[in-house]
Amino acid sequence: MKKLLISTLVPILFLCGCSNRLYMKKDGIYYKNSNIAELVPYSGEGVISQDKVEHVNKNLLKVTRQFVAVEDVEDAHLTLDVRHKAKCDRVIIPAITYNGNHWGRGREPKGFQTDGEWHTYSYRRTPIPGATYSESESYAVAVWSDVPQSEQEAFSCALMPEGKMTTHSLMMPEEERPFTYVTKDGYAASTLRTLALRKGETRTLTAYVYVADKEGVENTMSLFLDEAWKQAKKDYAEVITTDKVWEYGVKYAKESLWAEERGFKGFNIGLVPDGKGGWRQRPFYKYEVGWCGQNASFINSLLFDYLRTGDVTSKDKALAALECWTAPETQRENGFYVTHYDNILSKSQNVVSDACNLGTAAQNFFETIELLEKCNITEPVARVREVALGICDFVRADQQPSGVYGKGWRENGECLYREGTVGAFMIAPMLSAYKHTDKDEYFASAKAAYDYYYNEFYKNGYTTAGALDTWCIDKESSLPLLRASLMMYDATGNKKYIDHAEAISYYLSSWMWHYESLYPKDVEVARHNYTTFGATSVSVQHHHLDEYALLWVGEWLRLAELTGRKVWREKALAVWTNGCQLISDGKLEIRGLVRPVGAQNEAFFNCRWQFDEQKDATRINNWLVAWPGAFRLETLRKLDDWTLLDEK
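Summarised in this report is the structure supplied together with it. None of these values were measured; they are calculated from a predicted model. (Residues numbered from 1 in each chain as written. Predicted model: local features only at pLDDT ≥ 70, side-chain atom pairs only at ≥ 80, totals over all residues. Heavy atoms only, no water.)

Topic: the overall build of the protein
A tally of regular secondary structure across the protein gives 15 helices and 35 strands. In terms of overall dimensions, the protein is globule-like: its C-alpha atoms have a radius of gyration of 26 Å, near the 26 Å expected for 648 residues. Projecting the C-alpha coordinates of the protein onto the three principal axes gives extents of approximately 85 × 55 × 45 Å. Residue burial in the protein is summarised as follows: out of 648 residues, 62% are buried. Restricting to contacts in the protein with at least 6 residues of sequence separation, those with at least 24 account for 69%. Carbon and sulfur atoms provide 48% of the accessible area of the protein, an area that totals close to 25000 Å². Mean positive and mean negative side-chain charge positions of the protein (76 and 87 charges, respectively) differ by 2 Å. (Helix = DSSP H or I, 4+ residues; strand = E, 2+ residues; numbered from the N terminus. Rg over C-alpha atoms; globule rule 2.2 N^0.38 Å. Buried < 20%, exposed > 50% of the residue type's maximum accessible area, 1.4 Å probe, protein only. Contact = heavy atoms within 4.5 Å. Areas by Shrake-Rupley, 256 points an atom, 1.4 Å probe, with all protein chains shown as cover. Lys, Arg positive; Asp, Glu negative; His and termini not counted. Charge placed at Lys NZ, Arg CZ, Asp CG, Glu CD.)

What follows is the structure in structure tokens.
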């Protein structure tokens, strides 16, 4: 590597490089003979700095800034800033803000400053340490740092777009200003730490500075994400084998989630502490066909388990649940389907069903038909087909000329809202309906919707409103587009859909943790050896990690095959190993509660989110929800070769 030292104590040196690579000159950072950016000199009372610049490759510089206290300083504020010298149309802090988060009804942080004060965020909130990204008409600039190896090295980041320049900032000590975002739409005061330096003491900040030319590049952000992944240390978690994952998942569904009451047999949405040292099924909002409850997916996994193991109890529970979820009470003459069985049990008069649950139900029911036929069980097939096609017909009848579906409907067919990408959950079942009936109207509906939602994604650079408890930019709403892209490829053979699947996958990658966050050895996550590598943040409105990405592991493995690019296999394994951590073997005890076999909590609080940092007691929550286990089982039942996930 070529190195360049820039010091406040000696004259600035500079290195001229080739025009087709990134290089430093006295007045800035150049690429293809264009002055793209500059290192902003540090100016802090009582502290001086010196920069070492290393040329990692033609697009990447590593800047190491060493700070030296020349006198005692009680409250040092150390910065390493890179200024992109152009007006930028895309400005992103991955998983935190996409062009300022101005889409949606949520009250997450909007814009980049409040009352003239720039927003700063702990590196712990970012999927690549302290990552910021800006894109002008001609060039993209990304900045990120190394993972701190101690609390003393913890830092924060900010992105500051101002007219014809955007500043990428790294700062120490760790801070969050002018507020700390602590819960959905909830704020606390600034988080500030004091850094006192004695004369002669040093500190270091590192910045990776990536610059890419946009000419001829469809998705410039993908280049930065590829580089960040290349630089990342692949800290795959050590987890149980896929056979054990299956065994534990089936046991959890059949023993802990199985529920029977008058008028219902199926699966509860999850377990919560009972206040007596044990667990109980959640007593409200209990029975959901998709999203968090995943009854339709569990039905298929138990049918698959019967085929795999011959266990008759799996078949019997699957058929009992299927009978409830396809009972006449679940569907209206217009095809409307009741996605929450609680509404049937309570005889609710105000029933609303959403596209996420409807799409999940219909898609799973088409798979149910195939599994029933493999099991030589024919009696329920006609009714299951009727329900699945009825859902598709209901949504298709409401589809707009633009191709957009709705997000939620009343029983009479009234659509309550259409905003966001969540309607894309209906594309896959429309394609499945086409496969099962060979009727062109289903394919036409799917293609019109796909074109609408993909073009919206392409224009905005993000997807929206997928998580049913948020109304914002998020990751969940990208899954149905990724799945639909590969299904459209299968239906048409058009390779553009593979390109689309990659574009969506890069967006999903911007939510995925590329590193293992370090915490003090005595805190909960460290004691249980939990690693953040491969986890994904929920949305710009929910700043915590979960295992939702388990549901697209199969798509990324297939994308690796279709493109020949190992990055998608590597990321699929990162997601899988992350999502298989802390699955209980029946002996796992967390905070005094022994978890039943197959149980796993939903959320990991990687930053200051819904917990008292001084106690650090609840980074691993006690909501043992149904969906992570359902997603693991669904991923496995769709894979021909489970060993793909057992080998790193």
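Section: the environment of G390
In this fold, G390 is placed in helix α7 (residues 381-398). Excluding its chain neighbours within four sequence positions, the residues that come into contact with G390 are Q331, N334 and G335.

Let's talk about the packing of aromatic side chains
Taken as a whole, this structure holds 43 aromatic pairs when the rule is applied. Centre to centre, the rings of Y123 and Y515 are 6.3 Å apart; their planes meet at 35 degrees, and the pair counts as tilted. Of the two residues, Y123 sits in the loop between β12 (121-122) and β13 (132-136) while Y515 sits in the loop between α11 (496-509) and α12 (524-527), which places them 392 residues apart along the sequence. A relative accessible area of 2% places Y123 in the buried class. Y515 gets classed as buried once you look at its relative accessible area, which sits at 3%. Geometrically, the ring pair formed by Y450 and Y454 is stacked, given 5.9 Å between the ring centres and 5 degrees between the ring planes. With a gap of four residues between them, Y450 and Y454 both fall in helix α9 (residues 440-460), about one helical turn apart. Here a set of aromatic residues connected by ring pairs shows up, and it is made of Y98, Y450, Y454, F457, Y497, Y507 and W511. Sitting above the plane of the W471 ring, K407 keeps its charged end 3.9 Å from the centroid. For the cation-ring pair, K571 lies above W229, with the distance from its terminal atom to the ring centre recorded as 5.5 Å. (Phe/Tyr/Trp six-rings, centres within 6.5 Å; stacked < 30°, edge-to-face > 60°. Lys NZ or Arg CZ within 6 Å of the ring centre and 35° of its normal.)

As far as function goes, none of this settles anything; it's purely spatial.
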